[in-house]
Amino acid sequence: MTTVLEGLLRLGVWLLAAPLLPGLINKVKAWMAGRRGPPVLQLYYDLAKLWRKGVVVSTLASPGFVAGPAVAWVAVLGAALLLPLGPLDALLGFPGDVLLLIYLLALARFATAWAALETGSAFEGMGAAREVSFAVLAEAAVITAILTLSWQSRSLSLQEMLAPSAGPGMVLLAVGLFTVLLAENCRVPFDDPNTHLELTMIHEVMVLDHSGPLLAAVLHGAAMKLLLFAALLVQAVLPLGDSRPRRRRWP
Amino acid sequence: MPEFLDHVGASLTRGGRLSSLFGVPTSEGGALQLVAVLAFDASNTLAVGRSQPFQGAFPALTLHHPQAHLFEREIWEQHGAVPQGHPWLKPVRRDHGAGPAVGGFFRVDGREVHEVAVGPVHAGIIEPGHFRFQCAGEEVLHLEIALGYQHRGVEEALPGGPHRASVHQIETVAGDTTIAHATAYAGVLEALAGTEAPFRAQWLRAIALELERLANHTGDLGALAGDVAFLPTASACGKIRGTSSTSRRCFVATGSDAAWSGRAAAPGNSNLHAWPGYAPDSTPPCVTSNRQPRGSGMPRPSGHGSRTPVESTPPRPAKSGWSARPPGRAAWCGTCGLTTPTGWYRFAQVPVSVWPDGDVFARARVRWLEIQRAGEFLRELFDTAPDGPLQLPLPPPTPNTLAVALVEGWRGEVCHVALTDARGRLERYKLTDPSFHNWTGLALALRGQAISDFPLCNKSFNLSYCGFDL
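What you see is a predicted model, and the numbers here were worked out from it, not measured in a lab. (Residues numbered from 1 in each chain as written. Chains lettered and ligands numbered in written order. Predicted model: local features only at pLDDT ≥ 70, side-chain atom pairs only at ≥ 80, totals over all residues.)

Trainee: Looking at this structure, how should I read the overall build of chain A?
Mentor: Across its full length, chain A carries 10 helices and zero strands. Secondary structure elements of chain A occur, N-terminal to C-terminal, as α-α-α-α-α-α-α-α-α-α. Its C-alpha atoms give chain A a radius of gyration of 18 Å, near enough to 18 Å, the size a compact globule of 251 residues would have. In terms of overall dimensions, chain A has a C-alpha envelope of 55 × 45 × 35 Å along the principal axes. The proportion of buried residues among the 251 residues of chain A is 38%. When contacts within chain A are restricted to residue pairs at least 6 apart in sequence, those whose partners lie at least 24 apart make up 77%. (Helix = DSSP H or I, 4+ residues; strand = E, 2+ residues; numbered from the N terminus. Rg over C-alpha atoms; globule rule 2.2 N^0.38 Å. Buried ≥ 20, exposed ≤ 12 C-beta atoms within 10 Å, placed from the backbone. Contact = placed C-beta atoms within 7 Å.)

Trainee: Sorry if this is basic, but what is going on with the confidence of the model for chain B here?
Mentor: Residues and elements named next belong to chain B. Averaged over every residue, the pLDDT of chain B is 74; residues scoring 70 or more account for 77%. Below a pLDDT of 50 lies the segment residues 254–258, which in the model reaches 25 contacts outside its immediate sequence neighbourhood of four places, other chains included. Considering only residues more than four positions removed or in separate chains, one finds that residues 261–338, a stretch of pLDDT under 50, has 213 contacts. For this predicted complex, the interface score ipTM comes out at 0.77, alongside a pTM of 0.79. (pLDDT = per-residue confidence, 0-100.)

Trainee: Is there a simple way to explain the nonpolar core in this structure?
Mentor: Generally speaking, nonpolar side chains in soluble globular proteins are found buried as a group. Ranked by size, the top nonpolar core spans 164 residues in total, and within it V76, M224 and L228 of chain A together with V188 of chain B carry the most contacts. With sequence-adjacent residues up to four places away left out, L228 of chain A is seen in contact with V76, A79, A80 and L83 of chain A. (Core = buried A, V, L, I, M, F, W, Y, C linked by C-beta atoms within 7 Å.)

Trainee: I would appreciate a short explanation of helix α5 (residues 178–193) of chain B in the present structure.
Mentor: One turn of the α-helix equals 3.6 residues, which is why residues spaced by three or four share an orientation. Residues and elements named next belong to chain B. End to end, α5 covers 23 Å across 16 residues, agreeing with the expected 22 Å (1.5 Å per residue, within 8%). The element α5 is largely enclosed, with a buried count of 16 among its 16 residues. Count one or two residues on from α5 and you reach G194, which has phi positive near 70°. (Expected span 1.5 Å × (residues − 1).)

Trainee: Explain the pairing of strand β9 (residues 402–408) of chain B here, please?
Mentor: The side chains of a regular strand alternate between the sheet's two faces. Residue and element names in this part refer to chain B. The buried fraction of β9 is high, at six of seven residues. As paired elements, β9 and strand β10 (residues 413–420) share seven bridges and run antiparallel to each other. From the neighbouring strand, L402 faces β10, where its bridge partner is L419. With antiparallel pairing between neighbouring strands as the criterion, β9 and β10 make up a hairpin whose turn holds four residues, including G412 at a positive phi of roughly 145°. (Pairing = 2+ DSSP bridges.)

Trainee: What should I look at first to understand the sheet that holds strand β6 (residues 113–118) of chain B in this one?
Mentor: The pairing of strands in a sheet comes from backbone hydrogen bonds and takes either a parallel or an antiparallel form. Residues and elements named next belong to chain B. The strand order across the open sheet formed by three strands is β6-β7-β8, and the pairing between neighbours is antiparallel. Looking along the sheet, the strands with just one partner apiece sit at the ends: β6 and β8 (139–146). When the angles between neighbouring strand axes are averaged without regard to direction, this sheet yields 20°. Note: β6 against strand β7 (residues 130–136), six bridges, orientation antiparallel. In the strand pairing of β7, H114 is matched with C135. (Axes fitted to C-alpha atoms, helices over the stretch in contact; angles between N-to-C directions.)

Trainee: Would you mind going over unusual backbone geometry with me for this structure?
Mentor: Excluding glycine, residues mostly have negative phi values, and the peptide bonds linking residues are mostly trans. Residues and elements named next belong to chain B. If you check the backbone angles, N400 has positive phi at about 50° while not being a glycine. Locating N400 in the fold gives a position in the loop between α9 (360–383) and β9. For L470, which is not glycine, the phi dihedral falls at a positive 50°. Among the structural elements, L470 can be located in the segment after α12 (465–469).

Trainee: Explain the interface of chain B and chain A here, please?
Mentor: Quite often, the size of an interface is put as the accessible area lost when its parts meet. Listed as interface residues are 17 residues of chain B and, on the opposing side, 15 residues of chain A. Ranked by residues supplied to the side of chain B that touches chain A, first place goes to β6 of chain B with four residues. The residue makeup of the side of chain B that touches chain A, split by class, is eight nonpolar, six polar and three charged. (Nonpolar A, V, L, I, M, F, W, Y, C, P; charged D, E, K, R; others polar.)

Trainee: How do you make sense of the environment of D387 of chain B when you look at a structure like this?
Mentor: Residue and element names in this part refer to chain B. Looking at where D387 falls in the secondary structure, it is placed in the loop between α9 and β9. Judged by local crowding, D387 falls into the exposed class, with 7 C-beta atoms found within 10 Å. Between the C-alpha atom of D387 and that of R111, which follows or precedes it by 276 residues, the distance is 70 Å.

Trainee: Help me out: how do you make sense of the sheet that holds β10 of chain B in this one?
Mentor: Residues and elements named next belong to chain B. Sheet architecture is open: three strands sit in the order β9-β10-β11, paired in antiparallel fashion. The open sheet has two edge strands with one neighbour each: β9 and β11 (426–432). Here the strands of the sheet are splayed against their neighbours by 10° on average, with no regard to which way each runs. The pairing of β10 with β11 spans six bridges and is classified as antiparallel. What sits directly across from A418, in β11, is Y429. The strands touched by α5 within the sheet are β9 and β10, with β9 carrying the most contacts at an inclination of about 150°.

Trainee: Even after reading the chapter, I still don't get the confidence of the model for chain A, so can you show me in this structure?
Mentor: Low-pLDDT portions of the prediction should not be read for the details of their coordinates. Residue and element names in this part refer to chain A. Chain-level statistics for chain A give a pLDDT mean of 86 and a share of 92% at 70 or above. Of all secondary-structure elements in chain A, the lowest mean pLDDT belongs to helix α9 (residues 203–206), at 81, while helix α3 (residues 42–51) reaches the highest, 95. Within the model, the stretch residues 247–251 combines pLDDT values under 50 with seven contacts to residues more than four positions away or in other chains.

Trainee: I keep staring at the packing of helix α4 (residues 64–82) of chain A against helix α10 (residues 212–237) of chain A and nothing clicks. Help me out?
Mentor: Helix-helix packing is described using two parameters, namely the angle between the two axes and the distance between the axes. Residues and elements named next belong to chain A. Look at α4 against α10: their axes get within 9 Å of each other, and the N-to-C directions meet at 25°. The angle between the axes of α4 and α10 places the two elements in the roughly parallel class. Every pair of crossing elements has a handedness; the one defined by α4 and α10 is left-handed. On α10, the residues that touch V66, P69, A70, A72, W73, V76, L77, A79 and A80 of α4 are L214, A217, V218, H220, G221, M224, K225 and L228. In terms of residue class, the contact of α4 with α10 is built from 14 nonpolar, two polar and one charged. (Parallel < 35°, antiparallel > 145°, perpendicular 65-115°, else oblique. Left-handed = near helix turned anticlockwise from the far one by under 90°.)

Trainee: What is the right way to look at the packing of helix α8 (residues 170–184) of chain A against α10 of chain A in this model?
Mentor: Residues and elements named next belong to chain A. Running from N to C, α8 and α10 point in directions that differ by 175°, and their axes come no closer than 9 Å. If you check the angle between α8 and α10, you find them roughly antiparallel. Listed contacts from α10 to M170, L173, A174, L177, F178, L181 and E184 of α8 are K225, F229, A230, L232, L233, A236 and V237. The residue makeup of the contact of α8 with α10, split by class, is 12 nonpolar, no polar and two charged.

Following this line, the structure appears as structure tokens:
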């Protein structure tokens, strides 16, 4: 019973806390630039607004256009639940869960690109091509980081990999993972989520034709992904984890 | 008619620059006259030619002189006279009731080629325009731009005037080039009346024009920085731009009413006494306490019919513009300095800003240089405030006259041409914003570039949509 309650609690935290992070980032950026900036809770307002709106679907689109963002959202949420949170165990920790995490993120990307191609727009296809090209580079970096952690901890479980204290090599790891975080979450200098410069966008191109609840799912998924990468980066570098023997194994 | 075209063609071959080319409908039987304004920058002269009335078609100049291509398309659109042999005859602003983007576009065939259509509704808050890219992968093979979504009929509203609203219509031709267009309009009216504005008003206009240049160049540099993800500079430039833009707005609200439209503006006048005391290292102070909204109860001793345009209109051009290049020339050459100055620029000149290249960086450097020089010029201006009246009564326009005003706006050459009828009313008023020349330049600059570079390239040109659409 406690496991179920804990699971629900974690789910709630991931779902509710994720949109706070982009709000905080935007606020800090605005302060640095001498502006007041949008409210910290702006993304919550946006999501609430989008949820009440209708959806415009291209006449060319198959049901995959709707399924894409949904699959991507669920995949990112699943990946998030695999991640341990500091001294707290992962909700679904098991040996090899790190591979599932990587594949879930890849699945999310595939679903987004799929939905983009469904629109039949030449530009969305271009965006999908860009996203996948960047992903090839970013995934290689993630896998290298994971291999490093795995080799160091002699384990394929996220809980054990992320627990030990960081050695000097962690500086390199931190730099690499931070770069991946920027690239994967379309932050400056890889992409700029604020400007909406149509033709330079990478990730945003693929979601240009999404609207209403679908766009809400995309935005919320992006926020969760950002939080996921931030949590992964912090735990990979700082010795926050609980390195005692595991209490719970899968299954 | 052939004689006219031969002369224009020969002049263009000699290195002339086509500042404007337009049709004037004559009263008898739907015949059309063409008027060409040619600038010879090397010899600092301006030539105006007018054809005999003709009907129907005329041989296109575009075949040998590409700089005429958009003008000839415009003549065809406005008057129906067909430029024979024009290689790409399609509407400039309208498509006969449908949207501008409905017209035919050049298409590149091939299995690997795809077409990307952007606009007129964009993802950001910018003006409406339709861009049609022919791409092979990320590389742009061809770009065609369709504008006209903001066509308001400015040129159609002006004949029969000057009307009471004319000056305000001119001021809104392009919102970021208000001062340049208002100055050109004032210059035209003054030339038609055969008079010249008081020195103090000329001085005021020069200050406002340079402030406009400062504000827009600073904003553009910030926008360029934002596009290459250099956010601190983007923020800083936005802030600085606000200051000079506010200063400019103070002018529009106070001083400009007097300087451009001949109204009394005691508040503006007193405001400006604060300016000579401006510290060199700070931004100019802008006294806003005296600001009067337009149309408030300010005293207006002189009637609306009397205007005192300030920049004396030249028989010759004010400046040659850095953006008034023939389309297709990639080299970026900032010629902000004056080949033949008018107004206050006869007494103090700004050096020409040039950078030896034609890419985005070169355009940014030219803007940077122009900011420096406009700043220095402003300092000189503040030290040389002339005394005397700010306004004089404006005589009515001379009948059957043609007047040209060229003003070096921040984007380049703003060209206004007016013709009066036998009663001294405006018969035809032709506006040429620098954007009119340069949109084609942007389209050509993109060839062979990556499509993701378009926003940056577009911003480095920063052309006006509404100034083109009129």
